[in-house]
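Residue-level listing of the chains:
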Amino acid sequence: MSKLLARNMSHDPILPSATGIALARIELVAPETRQAVANCKEDQHYHCDPYKPYRNSDGSCNNLHNPGWGTSFSCFTRLLPPAYADGLSAPRISVTGSSLPNPRVLSAVLHRDLNYPATYTHMTMQYGQFFSHDVAFTPSSRTKDGKMIQCCPPSPNNHPQCYPILVPKEDPFYSGYNEYCLNFVRTAMCPQCKLGPREQMNQITSYIDGSMVYGSMENETRSLWTRTGPAGRMHISMAANGGELLPHSPEPDSDQCSKPSENMYCFKAGDKRVNQHPALTALHVVFLRQHNKIVNELKAINPHWDGERLYQEARRINVAQIQMVTYGEWLPIIIGPDAMKFLKLYVLPYGYTDYDPYTNPNVINEFAGAAFRFGHSLVNSVFAEILDDGKPSGYRLRENFFTPFGFYHGQLDAVIRGLVSQASQNRDPFISQDMKNHLYRPKDSPYGLDLPAFNIQRGRDHGLSGYTDYLKFCFDEKIYDWAQLDQYMPTSQRTKFQNLYKSVHDVDLFSAGLAEYPLPGAAVGPTFTCIIGIQMYNLKFGDRFWFEHRDQAGTFSPDQLQEIRKTTFAQILCANSDKLSFIQKNVFRGESKRNPVVPCNTLTAPDLRAWRDSNYPGAEIPNNYHP
Ligand code: HEM
Ligand SMILES: [Ca+2]
């Protein structure tokens, strides 16, 4: 069976039925492992209102039997038990008992910067990162008084949570700058209710609930919108051209982003990573504007609604649209049609889906720690921009970490046009220099950090098993010999692993997953499809507020649901740019005959008259709910 699961050397497509067999195995295994991990919040006491049609900011009470599931600050679950060196906490080592290969060496050999453009656009990369910031944020350990930990230079006196990446003397890049240590701090331990191996924590809600827009904690959410003022709307700041932007960072003097010179402010959003680089910030601006646009429309349709009602209803619609874009347009490109079908992840053309209260929506450690980081190989070093007059422009990523200041001067449209026009890098083992040698490069430095090396070290920090264990988990394939990997990846890749690792069972999941042949019509290969597929299944069927689910407190009326299904990301981008006038219909795919560029005003948006109160009395708001 397994022979059918990966493409062979002649790139024969995998039979769809074989993918089905592999995925059937996923369903057999996943539920028991998913539920095997104790959720440390299970014992906490929650008061849940089963009739409340809106989500709690921290994700609590989504699952009424397990109200802590999916909440911010809960522990990741796992597909496989952790593979710590000491069984409890120490990072994974080789099955031979010696150390694993140095992550910087692996990064230098396996993840070189080679330019292979993909068939999907750079927006596919950017939406992927934006979406990942809705579901996972792993906090690093801090000192007792909340300070960042310094692990370089390495010393026995360093903090116990230090796990620095030591750069070999002969490193072709860093040696030129006399840099021999990258500051890697272990992920904070998740406080658990039961004794057992170390677990990691997710700082944000795992649900696809727009938490990167709205926040993952009640007080944070409250600080981002206004009940009075223009009621129900998100707080904003203003660009020189009058366009709405995100509000200013609340701590400009200490956020390590604002004020490179006086009066230059970084932004605040529901997710703290908002200022990481301009293309990410752009999507935050788009969905902030979308919220406020929905509020304006709802206010015109239901003038009697107060700020709370306007905010909650707009949030519910905005989140439904994010779910629609994610599963309707984006995910099929990533995991391909077979997995989409098999796992019932396609958005239905009409009708409802069913919520499953036994499905745990928590983020899986293997997903956040390895599989979903596939997106790092999609990133270009130069981000294209297209100016208002159609002229191409662009910027180097390495010079633009934490510099969102162009938005005050109307940069938004140029960034969006660039993202939908430029090709992504292919999903392959290769990673751009700007992510590899220049990550987070400060203005006054010629170099930065190495993200693939961090990803590899993070997997070991989290005790993720070696790649071969996931071949067993996903496809029931027991690996005895290096040559067996040739079913999953080119021999040239397998040989590299063989030269670097002492045992085939040592190979790190992140690197091997990036090396796999893609599944037919997918960006990623079988193993990442397995892990991402399970996660996306759990996030859909384990979410009581999923926009298509029937018979729940927050269920949309049939008419409302059909309106949500008209959502396209192209329309959202058009409507929330400054003055974009043309765009291709599916922004994740390049322009083609089948995906033509069309005028923005020909794209349909949900008609919010389906939310007129008098049309559907009580349909979406149970009478017994009084906020
Ligand atoms: C310019 C683009 C990007 C940059 C600069 C970036 C940077 C980073 C950094 C610095 C980390 C933390 C690494 C660690 O210490 O372990 C991270 C984590 C992560 N990244 Fe990216 N990333 C980018 C794009 C993407 C994309 C396109 C995806 C997915 C499609 C993605 C998915 C993830 C995930 C899932 C994590 C783990 C999140 C967590 O649990 O905290 N990233 N990224
Ligand atoms: Ca979330």
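Residues numbered from 1 in each chain as written. Chains lettered and ligands numbered in written order. Predicted model: local features only at pLDDT ≥ 70, side-chain atom pairs only at ≥ 80, totals over all residues. Heavy atoms only, no water.

Identification of the protein chain as Peroxidase from Tetranychus urticae is taken from an unreviewed UniProt entry. Quoted verbatim from the Subcellular location (unreviewed entry) field of UniProt, the annotation for the protein chain is "Secreted". (UniProt positions renumbered as here; feature names shortened; annotations may be inferred.)

**Q** Any chance you could break down the coordination of the calcium ion (ligand 2) for me, citing the residues and the numbers?
**A** Coordination of the calcium ion (ligand 2) by the protein involves Asp-134 (O), Asp-134 (OD), Thr-205 (O), Thr-205 (OG1), Tyr-207 (O), Asp-209 (OD) and Ser-211 (OG), with metal-donor separations of 2.2 to 2.5 Å. Read N to C, the donor residues that coordinate the calcium ion (ligand 2) are spaced as D-x70-T-x1-Y-x1-D-x1-S. (Donors = N, O, S within 2.8 Å, 3.2 Å for Na, K, Ca; no water.)

**Q** Residues and numbers for the coordination of the iron atom of ligand 1, please.
**A** Looking at the iron atom of ligand 1, one finds just one donor atom contributed by the protein, His-376 (NE2), at 2.1 Å. Among the secondary structure elements, His-376 is positioned in the loop between helix H9 (365-369) and strand E8 (382-386). (Helix = DSSP H or I, 4+ residues; strand = E, 2+ residues; numbered from the N terminus.)

**Q** Describe the site of ligand 1, and please don't skip the residues or the numbers.
**A** By nearness alone, 24 residues border ligand 1, and Gln-129, Thr-138, Arg-373, His-376 and Arg-458 come closest of all. A distance of 2.8 Å separates an oxygen atom of ligand 1 from a polar atom in the side chain of Arg-373. At 2.7 Å from an oxygen atom of ligand 1 is found a side-chain nitrogen or oxygen belonging to Arg-458. Of all the elements in the fold, those that place two or more residues in the shell around ligand 1 are helix H4 (122-135) and helix H12 (451-461). Here the shell around ligand 1 takes four residues from H4, the largest share from any one element. Residues that form the shell around ligand 1 fall into these classes: 13 nonpolar, eight polar and three charged. (Near = heavy atom within 4 Å. Polar contact = N/O pair within 3.5 Å; in protein donor to acceptor, adjacent residues only side chain to side chain. Nonpolar A, V, L, I, M, F, W, Y, C, P; charged D, E, K, R; others polar.)

**Q** Lay out the packing of H4 against helix H8 (residues 307-342) in plain terms, naming residues and giving numbers.
**A** Two elements in contact, H4 and H8, have axes separated by 11 Å at closest approach and are oriented at 125°. On the basis of their axis angle, the class for H4 and H8 is oblique. The crossing of H4 and H8 is left-handed. Contacts between H4 and H8 pair Thr-124, Tyr-127, Gly-128, Phe-131 and Asp-134 from the former with Ile-322, Val-325, Thr-326, Trp-330, Ile-333 and Ile-334 from the latter. Across the contact of H4 with H8, the residue classes break down as seven nonpolar, three polar and one charged. (Axes fitted to C-alpha atoms, helices over the stretch in contact; angles between N-to-C directions. Parallel < 35°, antiparallel > 145°, perpendicular 65-115°, else oblique. Left-handed = near helix turned anticlockwise from the far one by under 90°. Contact = heavy atoms within 4.5 Å.)

**Q** Hey, could you go over the pattern of salt bridges for me, with residue numbers and the actual values?
**A** Applying the stated rule across the entire model yields 33 salt bridges. With a closest N to O distance of 3.0 Å, Arg-227 and Glu-308 form a salt bridge. Here Arg-227, found in the loop between helix H6 (218-222) and strand E6 (237-238), pairs with Glu-308, found in helix H8; they are 81 residues apart in sequence, far enough to count as distant. On the basis of relative accessibility, which here comes to 17%, the residue Glu-308 falls in the buried class. Across the pair Glu-548 and Lys-540 runs a salt bridge, and its minimum N-O distance is 3.9 Å. Lys-540 shares its class with Glu-548; the two are buried. Several salt bridges converge on common partners, so that one network encompasses Arg-309, Glu-313, Arg-316 and Asp-613. (Salt bridge = Lys/Arg side-chain N within 4 Å of Asp/Glu carboxyl O. Buried < 20%, exposed > 50% of the residue type's maximum accessible area, 1.4 Å probe, protein only.)

**Q** Before we move on, could you go through the packing of aromatic side chains and cite the residues and values that matter?
**A** Within the structure shown, the criterion is met by 31 aromatic pairs. Judged by centre distance (6.3 Å) and plane angle (55°), the ring pair of Tyr-127 and Trp-330 falls under tilted. Here Trp-330 lies in helix H8 and Tyr-127 lies in helix H4, a separation of 203 residues in the sequence. Classification of Trp-330 as buried rests on a relative accessible area of 1%. Aromatic pair Phe-401 and Tyr-440: ring centres 5.7 Å apart, planes at 85°, arrangement edge-to-face. (Phe/Tyr/Trp six-rings, centres within 6.5 Å; stacked < 30°, edge-to-face > 60°.)

**Q** Could you give me a rundown of the packing of helix H3 (residues 103-110) against helix H14 (residues 491-500), with the residues and numbers involved?
**A** Where H3 meets H14, the closest approach of the two axes is 11 Å, and the angle between their N-to-C directions is 155°. When the interaxial angle is binned, H3 and H14 end up roughly antiparallel. The interaxial crossing formed by H3 with H14 has right-handed handedness. Residue-level inspection shows Val-105, Leu-106, Val-109 and Leu-110 of H3 in contact with H14, the latter providing Lys-496, Phe-497 and Leu-500. Partitioning the contact of H3 with H14 into residue classes produces six nonpolar, no polar and one charged.

**Q** Can you explain the nonpolar core? Please cite residues and give values.
**A** Grouped together as the largest cluster of nonpolar side chains are 148 residues, with contacts concentrated most on Met-123, Tyr-127, Leu-331, Phe-374, Ile-532, Phe-569 and Leu-573. Ignoring any residue separated from it by four or fewer positions in sequence, one finds Phe-569 in contact with Met-123, Tyr-127, Leu-283, Phe-287, Val-325, Glu-329, Val-587 and Phe-588. (Core = buried A, V, L, I, M, F, W, Y, C linked by side-chain atoms within 4.5 Å.)

**Q** So what's going on with the state of the cysteines? Residues and values would help.
**A** Enumeration over the complete set of coordinates arrives at seven disulfides. Bridging Cys-152 to Cys-181, the disulfide has an S-S length of 1.9 Å. Residues Cys-152 and Cys-181 are joined by a disulfide whose S-S torsion is about -80°; by sign, that bridge is left-handed. Here Cys-181 lies in strand E4 (residues 181-182) and Cys-152 lies in the loop between H4 and strand E3 (165-166), a separation of 29 residues in the sequence. Two residues, Cys-574 and Cys-600, share a disulfide whose sulfurs are 2.0 Å apart. Because the sign of the S-S torsion sets the handedness, a value of about -65° for the bond joining Cys-574 and Cys-600 places this disulfide among the left-handed ones. Linking Cys-574 in helix H18 (residues 569-576) with Cys-600 in the segment after strand E12 (597-599), this pair joins segments that are 26 residues apart in sequence. (Disulfide = S-S within 2.5 Å.)

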